[in-house]
Amino acid sequence: MKRAAFFRASVFLAAVNGGVSAGWISQTAAQETGEPRLALEEVIVTARRKEELLQDVPISMTVFNQQQISDLNMVGTADLATFTPSMTANTRFGPDNSSFSIRGFVQELRTTSTVGVYFADVVAPRGGPSVQSADGAGPGYLYDLQSVQVLKGPQGTLFGRNTTGGAVMIVPNKPGEQLEGYGEVSAGNYDMYRTQGVVNWPINDRVRVRAGFDQMEQNGYLKNAAPVGPDRQGDIDYIAGRVSVVADITEDLENYTVFSITDSKNKATTAVLMGCFPQREGEVPPGAGVGIFSPFCQAQQAEYGLDSSSDFYTYASRQPQTVNRIEQKQVINTTNWAVTENLGVKNILSYAENETTLRTGVFGTDWIAADGNRLWFTESDVPPGYPTAHMSTTVWELQVQGENGPLDWQAGWYYEQSRPEEDSANELNRYGICAENPGLDPDAFRCQASFALENVGLAFGNLKFDNRALYAQSTYNFDAPFSLTAGIRYTWDKTWGYSDDVQYGGFPVSEPGPPTTVRCSDGSLTYPDCRQEFRQDSDKPTWMFGLDYTPHNDQLYYAKYSRGYRQGSVNIFGAPGFQTHEPETVDAYEIGSKLTLTGTVPGIVNIAVFYNELTDMQIQTGFRGAVNTSGITNAGQATIWGAEVETSLSLTEQLRLDVAYAYLNTRLDSYEVPAPIPEFDVSVVPTAVEGDPLPLTPKNTVVTSLTYLLPVPEAVGQVSIGATYVYTDQMLASTTSPFGTIPDSKLTNFNVNWNGIGGSRVDALVFVTNAFDEEHISYVIGLYDAIGSEFYNPGMPRMYGVRLRYNF
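Read on for a plain summary of the structure. What you see is a predicted model, and the numbers here were worked out from it, not measured in a lab.

## Looking at the sheet that holds strand S11 (residues 122-123)
- In spatial order, the strands read S7-S12-S13-S10-S11; together these five strands make up an open sheet with mixed pairing. Among the strands making up the open sheet, the edge pair consists of strand S7 (61-64) and S11.
- With five bridges joining them, strand S10 (residues 115-119) and strand S13 (residues 166-172) adopt parallel strand pairing. Opposite Val 117, over in S13, you have Val 168 as the bridge partner.

## Overview of the state of the cysteines
- All told, the structure shown has two disulfides when counted by the stated rule.
- Paired through a disulfide, Cys 276 and Cys 297 show a sulfur-sulfur distance of 1.8 Å. The S-S bond linking Cys 276 to Cys 297 shows a torsion near -70°; that makes this disulfide left-handed. Of this pair, Cys 276 sits in strand S21 (residues 272-276) while Cys 297 is found in helix H2 (residues 290-304), placing the two residues 21 residues apart along the sequence. Summarising the burial analysis for this pair, Cys 276 and Cys 297 share the class buried.
- Here Cys 520 is linked by a disulfide to Cys 530, with a sulfur-sulfur distance of 2.0 Å. Looking along the S-S bond of the Cys 520-Cys 530 disulfide, the torsion reads about -80°, which is the left-handed sense. Placement of Cys 520 in strand S35 (residues 517-520) and of Cys 530 in the loop between S35 and strand S36 (531-552) is noted, with a sequence separation of 10 residues between them.

## What about a nonpolar patch on the surface?
- A cluster of nonpolar side chains, contributed by Val 185, Tyr 193, Tyr 708, Ile 721, Val 752, Val 766, Val 802 and Leu 804, occupies part of the molecular surface with about 630 Å² of accessible area.
- Looking at the element boundaries, Tyr 193 is found in strand S15 (residues 192-202).
- Tyr 193 gets classed as partly exposed once you look at its relative accessible area, which sits at 41%.

## Description of the nonpolar core
- Core analysis: the biggest nonpolar cluster contains 53 residues, and Met 74, Val 148, Leu 151, Val 168 and Ile 170 have the highest contact counts within it.
- Setting aside residues up to four positions removed in sequence, Val 148 forms contacts with Thr 62, Val 63, Phe 64, Ile 69, Leu 80, Leu 142, Val 168, Met 169 and Ile 170.
- Core analysis: the second largest hydrophobic core is formed by 31 residues, Leu 222, Phe 293, Tyr 779 and Val 780 among them.

## Regarding unusual backbone geometry
- Omega for the peptide link from Tyr 527 to Pro 528 comes to 10°, which places this bond in the cis form.
- Note that Pro 528 resides in the loop between S35 and S36.
- Non-glycine residue Asp 191 carries a positive phi angle of around 55°.
- Looking at the secondary structure, you find Asp 191 in the loop between strand S14 (180-188) and S15.
- A residue is classified by how much of its surface remains accessible, and Asp 191, at 59% relative accessible area, is exposed.
- The backbone of Asn 770 sits at a positive phi, close to 50°, despite the residue not being glycine.

## Some words on the pairing of strand S20 (residues 253-266)
- Relative to S20, strand S19 (residues 236-250) is paired through 12 bridges, and the arrangement is antiparallel. Considered in S20, the bridge of Asp 248 is made with Glu 254.
- Once S19 ends, the chain turns through two residues before running back antiparallel as S20.
- The pairing of S20 with strand S23 (residues 323-340) spans 14 bridges and is classified as antiparallel. The residue bridging Leu 253 from the neighbouring strand is Trp 337, located in S23.

## As for the sheet that holds strand S22 (residues 314-315)
- Strand order in the open sheet formed by three strands is S18-S17-S22, with mixed pairing between adjacent strands. The sheet terminates laterally at strand S18 (232-233) and S22, the two strands that pair on one side only.
- With two bridges connecting them, strand S17 (residues 222-224) and S22 associate as parallel partners. Counted as the bridge partner of Lys 223 is Thr 314 from S22.

## Observations regarding the packing of aromatic side chains
- Under the definition given, this model contains 16 aromatic pairs.
- With a centroid separation of 6.4 Å and 40° between ring planes, the pair formed by Tyr 589 and Tyr 611 is classed as tilted. Of the two residues, Tyr 589 sits in strand S40 (residues 584-597) while Tyr 611 sits in strand S41 (residues 603-625), which places them 22 residues apart along the sequence.
- Exposure remark for Tyr 611: the relative accessible area of 34% places this residue in the partly exposed category.
- With 6.3 Å between their ring centres and 85° between their planes, Phe 750 and Phe 772 make a pair best called edge-to-face. A residue pair is termed long-range when its members are at least 10 positions apart, and Phe 750 in strand S49 (residues 745-755) and Phe 772 in the loop between strand S50 (762-769) and strand S51 (777-780) qualify at 22 residues.
- Note on Phe 750: relative accessible area 34%, which makes it partly exposed.
- The rings of Tyr 221, Phe 312, Tyr 313 and Tyr 792 are connected pair by pair, giving a single aromatic cluster.
- Positioned above the aromatic ring of Phe 610, the side-chain terminus of Arg 103 is 3.9 Å from the ring centre.

## Quick look at the side chain of Thr 475
- With respect to the helices and strands, the residue Thr 475 is situated in strand S33 (residues 456-477).
- Among the polar contacts made by the side chain of Thr 475, one reaches the side chain of Thr 485 at a distance of 2.8 Å.

Conventions we followed
Residues numbered from 1 in each chain as written. Predicted model: local features only at pLDDT ≥ 70, side-chain atom pairs only at ≥ 80, totals over all residues. Heavy atoms only, no water. Pairing = 2+ DSSP bridges. Helix = DSSP H or I, 4+ residues; strand = E, 2+ residues; numbered from the N terminus. Disulfide = S-S within 2.5 Å. Buried < 20%, exposed > 50% of the residue type's maximum accessible area, 1.4 Å probe, protein only. Patch = residues over 30% accessible without salt bridge, like charges linked within 9 Å, V, L, I, M, F, W, Y side chains within 5 Å. Areas by Shrake-Rupley, 256 points an atom, 1.4 Å probe, with all protein chains shown as cover. Salt bridge = Lys/Arg side-chain N within 4 Å of Asp/Glu carboxyl O. Core = buried A, V, L, I, M, F, W, Y, C linked by side-chain atoms within 4.5 Å. Contact = heavy atoms within 4.5 Å. Phe/Tyr/Trp six-rings, centres within 6.5 Å; stacked < 30°, edge-to-face > 60°. Lys NZ or Arg CZ within 6 Å of the ring centre and 35° of its normal. Polar contact = N/O pair within 3.5 Å; in protein donor to acceptor, adjacent residues only side chain to side chain.

And the structure:
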C-alpha cells in the first residue's frame, strides 16, 4: 500500500502482549543472558497532527501509555493532572466536572476551556452554562488506549479550538490485523469492582473491527454525618463502550469510524466544612453575612462534633437524592486519502451529545438556626424534567498535508458548532428549605425561610457556539542541521445565549409555604419579563514561529514564539451588566532541548524553559446586591514563566528511573477592579490581588517513578515492581479567604505487575494509590469573606486493589 507515512496509525514501538501495548518499558529477553530486561523504546506521537518520534517534536509534553494509566489506577481524565507537572485540575464540582489548567492558564467558572481535550483527533463536546461539565473531564476515556499526550503551551495553530494553556490528546487503539483481545476484572477497597473487555476482529483483508467496554462501581469516600441524605458521596458508577471500524476502500483510501458512549451516574460530591469564624471588625467587606451565618455554622459543629479534629472526609448535609448524571455519545468518522506519495487529504466529521444533571448540596452544611430550623447553604438542583445541560457538538475539519522536497506543510479548515438540545435549568436554593422540589409553578412552591435572607432562584438558559478557522503551517528543512517552522491561523468565534432568571422570596418562617415576592434577578427587568439575550463575537489571528537545531540524530534544540488566544463568550447567569466578556491573548516564548542518551545509562532528557505574557485575562469577579453572584471581566495582565524537565533513564537492565519536574512562577501584574454599572444595584467584590500568584499554580511539582524487573526465570513470567512519588507544592485557590491556600501534598503509589503468569495468557496487577493515606486538599472554596465559614474538597484517600487480565 502506498498510503503516505503521515497517515499511518500512531503506534508505540513497544513489546506487545496479547495485542496490548506493554508500554514505554519493554520486558524482553537479553541477547546474551536470556534473562528479561527493561528496554527503553521509541515513542511515536501526533502532537503536530502527523506521526513523529517524541524526541523529534519541539513541544514540551508528557505522554502516558495504557500500562502506566492502569498502574496508577487512573479512572477519569482529571486523574492525569496528579501525575503531570505543570497541569492541575479544578475539582470544585467533582472530578467528573473538572476543568484543567496547564502552566497557570486557569478556566474560570462559565468561561471556555483553556485546555482542549481531544479524543481521536476531535475536541471533546462542550458542556453547559451553569457549571463545568463535559469538555473532556469524567470517566469513560481511559481504557484501550495507544496513548495520552499532554501538550503544554498554546497549540492553536494546528488544533481545532483555540486554547491558551495546551491540549490533551487521547488516542484510542485502532483496529488491527490480528484476532486478539482481553478480558479484565478488578476489585479493591471501598467495594470497588471494575470490568473491561476488548475484542479486535479482522473481518477480511479490507475491514477490521475493534470493540470494548469499561465498567466500574466504587463506594464514596465522603461520609455524611446527617441522618437525612446519602450515607456517602464521591462514589463512582459508570459504564462506557466503544466500537471502531477501519475500512480500506482502496489502497489509497481509508475510512476510520469510532462510536463511543458513556453513562455515569453517582451521588455527586460536596465540600467539607473547614471551620466557622465569628465576624471580626475590619476583616470582611461591609455587608458580608459573617455575623448572621457564624452561629448557624457553630450549631452544626456542636451537634455533629465537626471541628478541626474531626474525620477529614466527614460532612453533614440533608440534601436528599443527590446525583451527578453524565450521558455522552459520540461518533467520529475520519477519511484518509493518499492522493500521491507526497500529498494526502484527511476529512474529519464528528457528532456528539452530552447531557448532565447535577443535584447536590454545593457545600456540606446542615446549619441550625436559633429557632431550631435547619437549612443548607446553596443547594444546586434542577426542576423536574430539565437537565443541568444538554448540548450537541458537530465538528468538521478538512486537512491537506504535503511534502515537497525540504518543505513539509499542512493547511486546513475547521468548523465547530455547539447547540442546546433542550433548555437547561438551575434551581439554586441559597438560604431556605423547600419541602419538595418546587418544579416550575411558583404557586406550588412550599419553602420555609430560615431568617431574613431567604432566596430560591430558578434560572433557565442556554448557549450556542459557532467556531470557524483557516490555518496553515510549514517546516523548511535546510541542508544544514536547521529547520524553520511557521504557522498562522485565523479564527472566527460567535457565542449566543439567553437567560430567564427569577428569584422567589417572602417564604413563611414557621412552616413551609408559598412565596410572597417574585422578581427578576436583574433588577432592571420587571417580572414576568425576565428573559434576556446576549451575543459575543470575536475573531483574531494566532501564529507560531520556531527554529530547530539538530546537530545529531540524538539531539534536538529548539526555540519558538507563539501567539495564543481564548475566545470571548457569554455568561448567561452572570451579574447584571457583566454577562459577556472579551477574548484573552498570550504571547508565549519557549526554548528547549530533547536529548537521547546512548551510553552506559541510556535514556532521554528533555528540558523546556518558557515565558508567557497574558493580556486581557478573563477573571471571575464577585458581585453583591439583590442577588449575590459572579461575572467574568477582562481585568487582568499576568506573567508566567518557568521550566520543565522530563527524564527517563535505564540505570541497569532491570532498573528504570523516571523523573518529571516543573517550576512555575506566576504573577498577576495588574487587576483593574470593574466599576458597577449605575442602573444595576450591585457592588463589586474583588476576587484577585495584584502581585499574587495565579490560582492553582504550584511553584514546584515533582513526579518520580522507579521500576524494577525481577530477574526470575522466563517460565515464571515477567514480574516488575513500581513506585511513584508525587510532590505538589502549595498553591493559591482563593484570595477571599485567609485559608485560601491549598497546602502541599506528598503522595506515594505502588504497583506489582506479573505478566504471563507461569507462561500463561494471564496477567495480574496489584496497586495502591496514596499508600500512606495522606489527607490532602484538592480545592478550597473561598467563602470566608462572604459567610464566615470555609470549606474544602478532600483529595482521594488510600485506594488499593488487584486486577486480573486474560489475553488472547
